[in-house]
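Structure assessment
Residue-level listing of the chains:
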Amino acid sequence: MRYPKYWDQARVRQVCTTESRQKARDLFLRTHRPFQHIRVDFCKDDGAPGAFVNEEQVRAIVQGGALRADNRLFFVVGEAGSGKSELCQWLEYTADERRSLPIHIPRSMTTAAHVVALLRQKLDSAAPARALQHVPLSTQADYVTLSAVVLLYGQGIPALTPVDSWAQLIGGHEMRQFVAGHLALLARGEFAPLPFADPSLLEPLCHRYALPVSSADLALITGELRRLFARALEQALWSGDVRSLLADISERAVRQGRRPLLLLEDMTAFQVLGDRLLDYLLDLTSGHFDAVIGVTTGFERTQLASATLAGDLTHIHHRLRARFVLTDDHGRSYGLEDDLIELARAYLAAVRTAEPSDHAVPDVFGDGLYPFTETALRRAFACLHEEGNPRQTPRLFLEHILAAALLSDAPPPLAFDRSPYLVPPPTLFRIDEAPDPRLQSLLRWYGEFGDDAVTLDARIARRFGIAPPAAQPANPVIRVSRAYMAQPLDSDVRADWQQELRELQAWLSDGGLYPGRETLKRGIERVLLHLGDPRALGSSDSSSLAGAHIYYARGDERLPIYLGRESGDQPSTPTYVKVQVSGTSAERGILEALAYLALSGAEMSQVCHNVALTLDWAQRHWDAYNNEVRTLLFNRMNGVTVEQLIWTAWRLLGSLVGAPWDSRPHLNPYHANAEPYAQVSPWSPQQHPVCYTAGEMLITYHETVRRLFIGSFTLRDTLLDHDRCAAVQQLETTATTVDRLAHLALPALRTLPYTIRPLGQKLYDLLVPLQRYTQALTQLDCQAALRADLDDLARKETHLAAQQRLDHALFQQQLLTLRWRCGEVGAPWNERWTKAAEWLGSLTREQLTELYADVRRVRSATAALAHAEALDHWAYQRARHALRPILHHPYWAAVATLQEIQAEALATARARYQRGSGLMTGTAPYRQLLKVTRAVWKELADG
Amino acid sequence: MVERPLTHTLAATFAALDDLAQRDANARAHAQAQQRIAFLRDRLHALQSALRQLRVAVTLVQHIDPAHEITALWSNTCAELKACAPGTLHAPGRALAEGHLDLLQLVEYTAASVAIVRERYHWVTDQLARHPRVVALDRVSCACDARRAAIDTLVSRLASAKEPWNGEGALRSLEALLSGAMPEEKRKDNA
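Rules and cut-offs
- Residues numbered from 1 in each chain as written.
- Chains lettered and ligands numbered in written order.
- Predicted model: local features only at pLDDT ≥ 70, side-chain atom pairs only at ≥ 80, totals over all residues.
- Heavy atoms only, no water.
- Helix = DSSP H or I, 4+ residues; strand = E, 2+ residues; numbered from the N terminus.
- Buried < 20%, exposed > 50% of the residue type's maximum accessible area, 1.4 Å probe, protein only.
- Contact = heavy atoms within 4.5 Å.
- Areas by Shrake-Rupley, 256 points an atom, 1.4 Å probe, with all protein chains shown as cover.
- Phe/Tyr/Trp six-rings, centres within 6.5 Å; stacked < 30°, edge-to-face > 60°.
- Core = buried A, V, L, I, M, F, W, Y, C linked by side-chain atoms within 4.5 Å.
- Salt bridge = Lys/Arg side-chain N within 4 Å of Asp/Glu carboxyl O.
- Pairing = 2+ DSSP bridges.
- Axes fitted to C-alpha atoms, helices over the stretch in contact; angles between N-to-C directions.
- Arc of directions from axis to C-beta.
- Buried area = accessible area lost by both parts, 1.4 Å probe.
- Nonpolar A, V, L, I, M, F, W, Y, C, P; charged D, E, K, R; others polar.
- Polar contact = N/O pair within 3.5 Å; in protein donor to acceptor, adjacent residues only side chain to side chain.

Here we take up the overall build of chain A. The helix and strand inventory of chain A stands at 39 helices and 19 strands. Considering chain A as a whole, with its 943 residues, one finds that 52% of them fall into the buried category. By sequence separation, contacts in chain A at least 24 residues apart represent 75% of the contacts at least 6 residues apart. Carbon together with sulfur atoms contributes 51% to the accessible area of chain A, which is approximately 42,500 Å² in total.

Relative to the helices and strands, A:Arg517 is located in helix α21 (residues 517-530). Dropping the residues within four chain positions of it, A:Arg517 is found in contact with A:Leu563, A:Ser567, A:Gly568 and A:Asp569.

Residues and elements named next belong to chain A. Counted under the stated rule, the structure contains 26 aromatic pairs over all chains. A ring pair is formed by Trp7 and Tyr370, whose centres lie 6.3 Å apart and whose planes are at 55°; its orientation type is tilted. Here the residue Trp7 occupies a position in the segment before α1 (9-15), and Tyr370 occupies one in the loop between α14 (336-351) and α15 (374-382), the gap between them amounting to 363 residues. Each ring, one from Tyr891 and one from Trp892, has its centre 5.1 Å from the other, and the planes form 80°; the classification is edge-to-face.

A few words now on the nonpolar core. A:Leu520, A:Ile524, A:Ile550, A:Trp683, A:Tyr754 and A:Leu763 are the most contacted members of the largest nonpolar core, which has 101 residues in total. Discounting residues that sit within four places of it in the chain, A:Ile524 has contacts with A:Ile561, A:Leu563, A:Val581, A:Leu591, A:Leu594 and A:Trp617. Ranked by size, the runner-up nonpolar core spans 54 residues in total, among them B:Leu47, B:Ala50, B:Leu60 and B:Val117.

All names here are of chain A. One pass over the structure, following the stated rule, counts 55 salt bridges over all chains. Arg558 serves as the salt-bridge partner of Glu525, at 2.9 Å between the closest nitrogen and oxygen. Here Arg558 lies in the loop between β13 (549-552) and β14 (561-563) and Glu525 lies in helix α21, a separation of 33 residues in the sequence. One salt bridge connects Glu703 with Arg706, and the closest N-O pair in it is separated by 3.1 Å. A residue pair is termed a helical-turn pair when its members lie 3 or 4 positions apart in one helix, as Glu703 and Arg706 do in helix α28 (residues 702-713) at three residues. The class of Glu703 is partly exposed, set by a relative accessible area of 35%. For Arg706, a relative accessible area of 14% puts it in the buried group. Taken together, the shared-partner salt bridges connect Arg517, Glu518, Lys521, Glu525, Arg558 and Asp569 into one network.

Another point: the sheet that holds strand β7 (residues 320-325) of chain A. Residues and elements named next belong to chain A. One open sheet accounts for seven strands, arranged β2-β1-β7-β3-β6-β5-β4; its pairing is mixed. Across the chains shown, the open sheet's two edge strands, defined by having one partner strand only, are β2 (52-53) and β4 (100-105). Summarising the sheet, strand β3 (residues 72-78) and β7 pair through five bridges and their orientation is parallel. Counted as the bridge partner of Val76 is Phe324 from β7. Against the sheet, helix α3 (residues 55-62) engages β1 (38-43), β2, β3, β5 (259-264), β6 (290-296) and β7, with an angle of about 155° to β3.

Before going further, it helps to examine helix α7 (residues 163-170) of chain A. Of the positions making up α7(A), those classed as buried are A:Trp166, A:Ala167, A:Leu169 and A:Ile170. Projected onto a plane normal to the axis of α7(A), the buried residues spread over an arc of 160° and lie on a single side.

Moving on, we get to the interface of chain B and chain A. Contacts between the two partners involve 49 residues from chain B, matched on the other side by 51 residues from chain A. Contact between chain B and chain A buries roughly 4,400 Å² in total, counting both sides, with carbon and sulfur atoms accounting for 71%. Inspection of the chain B/chain A interface yields three salt bridges. Put simply, B:Arg52 and A:Glu939 hold a salt bridge, and the shortest N to O gap is 4.0 Å. Contributing elements (two or more residues each) for the side of chain B that touches chain A: α1 (6-64), α2 (73-84) and α3 (93-98) of chain B. The greatest single-element share of the side of chain B that touches chain A, amounting to 30 residues, is contributed by α1(B). Split by residue class, the side of chain B that touches chain A holds 28 nonpolar, 11 polar and 10 charged.

Moving on, we get to unusual backbone geometry. Residue and element names in this part refer to chain A. For the bond from Tyr370 to Pro371, the omega torsion is 15°, close enough to zero to count as cis. Among the structural elements, Pro371 can be located in the loop between α14 and α15. Positive phi outside glycine occurs at Arg565, with the angle close to 55°. Inspection of the secondary structure puts Arg565 in the loop between β14 and β15 (579-581). In this structure Arg565 comes out as partly exposed when scored by relative accessible area, which is 33%. The backbone phi angle of Glu566 is positive, close to 55°, even though this residue is not glycine. When its relative accessible area of 67% is taken as the criterion, Glu566 is described as exposed.

All names here are of chain A. Among the secondary structure elements, Thr614 is positioned in helix α24 (residues 611-636). A sequence separation of 27 residues divides Thr614 from Glu587, and the C-alpha atoms of the two residues are 9.2 Å apart. With sequence-adjacent residues up to four places away left out, Thr614 is seen in contact with Val527, Ile590, Leu594 and Cys608. A polar side-chain atom of Thr614 sits 3.0 Å from the main-chain carbonyl oxygen of Asn610.

Dropping the structure here:
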């Protein structure tokens, strides 16, 4: 595809060369843009300017030294291509030659021979003789080849093995002759190629020395041999000269009233020579140089330190006069962005070989910017990347934007798309409105982004031969709707938003790995959470702050989302469900909007093109995921839904705390201090020990279940959601639910990924007592328990019948006597006994009669229930609650206490009183006494 | 669950407590009576022993000197003790259980009888120790107290002996006892 051009390729290559030295002085000065922002890291000169200076100020600093001042070093630090050469070149051209003798060593001049030759030029004909000048060339050649052999042993690569054989080749007479010839040419001042500059020379030599070399290794070995000889030449012949040459230059220049100004474009390019130069310059008293040394940022940090004897970068910095920095930490040239358009304009003017006629170029391109626009240039500049990192330097701009576009046959936007140094900006418009890929490319690079559309002057498209969209063939402005609305300020959007969108669009178009998918997930999460958390299994209609809900808590706080199409996400598993987003073409616009939503932090209404569509999409995914979370719990809970679980648990607890309900639930809290469990429970610790204990454990979760119930079945704190209640009642067959809960396998539920929010409890912790209680209920023999209750009632009725004849006056007297008798036998009296005795003392005949009647009535009712066919645990619990007024009547406790007092008194008396009395005359001691008496009497009688 | 009025159960409890208290009182009385029996028995044992010693001592005197006036002492003593013996001596049960005046008379009788018999016994043995025949048995010329101690020892042996004894044998034993009572230095001198 061709378009009108006003330049030719040769001119472009001539102008857009990145080596400043390769330009003629006039061309250089035409295209040079002044450096306005050079950061001064430090400067030891008095009265140094502020943090940023321009190139004029740099020159003033560099040339500001006294004539006989010692060496003054200046570093110019910047990324590759940031303009170090440009600055050195400009200093050479503009230096005041009355005060300075500029010596510019360009990047291309890296060998010692070239540098020495350059320096000798500066000494005119009166240069002193070189150290080896009087040595015959053949001897110098022997010296060089021997040095090369030494280097081979020390630095040879594995390909040059066996080393001894290669040493014979390097030190052979062929190579000595070749080096001698090279030196002879140099001595005559002619061009002298380095040994092995021609690879074809190697093969016959190898053949002669019986060294097998494969064709694949030929280039490698040739290059290595060339490097060895270059270093050998440098070491043997030239390096020794450098120091004396520099000293001579320094002395001569000072004698002329000038200081030598050494402009070393790029320290990185030198090897041994660079070290020698640096050592000379760092010895500050060795001469009177002003040395401006270009150093790349990475080289300064990693290599330069080791180049000194001290091995320390600080050692170098202490000897610097000033350090000038051209790029920031992100590799961007200071001030280039501001000067970008003028720089492009200067180069485009220099490139142009023919001026277009009036009105040939639409003014929409901007003055002198054709075939670019200011927008396109700035956008392309922002998209410059090198080795995966953004890098905005003049060299990359000139080479890969201006030159690349001008040299390409295709229009600039298409050339930009093909450039490996440009990361295309994301598509921010609806591609279905601009289906032509060329038009899409043009809009991406040249389009103006409005809040709701991307626009482009149709003349630009026509100029590049690109047809406007079919729907707007004759419009002066091509207008394509934005995929989303970009209301937020650019400063609010993450810096890498374009990269993120590019990755998203690549995934949407072709599938495959999507590195930045977390951004899209954040956007999806945000819009889904806008509808409520789909992991929360409560009623979305409940607005009660007291409500709680069961929450799917697998993973972290983030909503688990799975992006399909091999994005790199792990799909859902049976136990780890995720929101499924497949990234279909129909979802493209919505997903792009959601990604930008996450990047910008703006509101949905500010970003989404159609909020209703986006919310509809979100609602479908919300419902699907919420159903998955519910289904997972349903399956793990033996087919009990979350609503059935909460409904049944609340009903069980209602009965446990003495507030049973059947169809119309209440929301009453339970206060254990005011209503002890033993008083309100339908269970007796003696008669129903398992139910009693399990219920006591479950009742600690009363508030938890109450809040879950509020979260699921109310609209507000005290307003029941009758629709939800009715729905669960229709499904509810409580016997089945209780049975299913009783058969839950607790060990398998230990890892159940559900919690209760906001209470911070695990659902499993609630299920444990619930399962044990329901299991106790299912194991309870209600008929047998009811019979036991009837027997107990019968005993109570008999007892009360006997009390109908009670002499209350006597009873009261007896109660007083009982206390006295307890004191008599030493049974300690306690407060509880006092209360019981007082209560019984105040008991009236009417109370006893009333209690008797109540017992008879309840017994009749209970007996009737016993004859009913079906008696489930709910009915039994109701019966137990009907019994509670009888069972918990204070009379029984008082009578029990009375019995306890009597038993205690008798027990104490038995323990205290002695026993064992009997007839004294029947005892053995008495008989012995009589025997002795008779013996005495006999003695007396005998006397 | 009791099936009678609570007053009945309380009355039953009080009756049980009364019964326990009565039993306790009886037991205490019984224990005291046992202590009295033991006391009285000890006194009677002492009287019996003193009588036996007196009888043996008088018999020894009769053997040595049948005409000695002491020989009637034994029969007189027995007659006196029989005469003043209280009526409850042969059936002391009531006096022991009730512990009143009868018991005091019994205790006084036994205590006084022991004192009288022992006093007479001492007088008899003193006379015996001074009797020339006994003195003659004393070849080492012991003091009178030593002879009386030897006589006490002999009487105790004879009183507790179960077999019958004769006078000559008793005198030989006395002689042996007296020689055994000789001091060591005197025994060396004799040797």
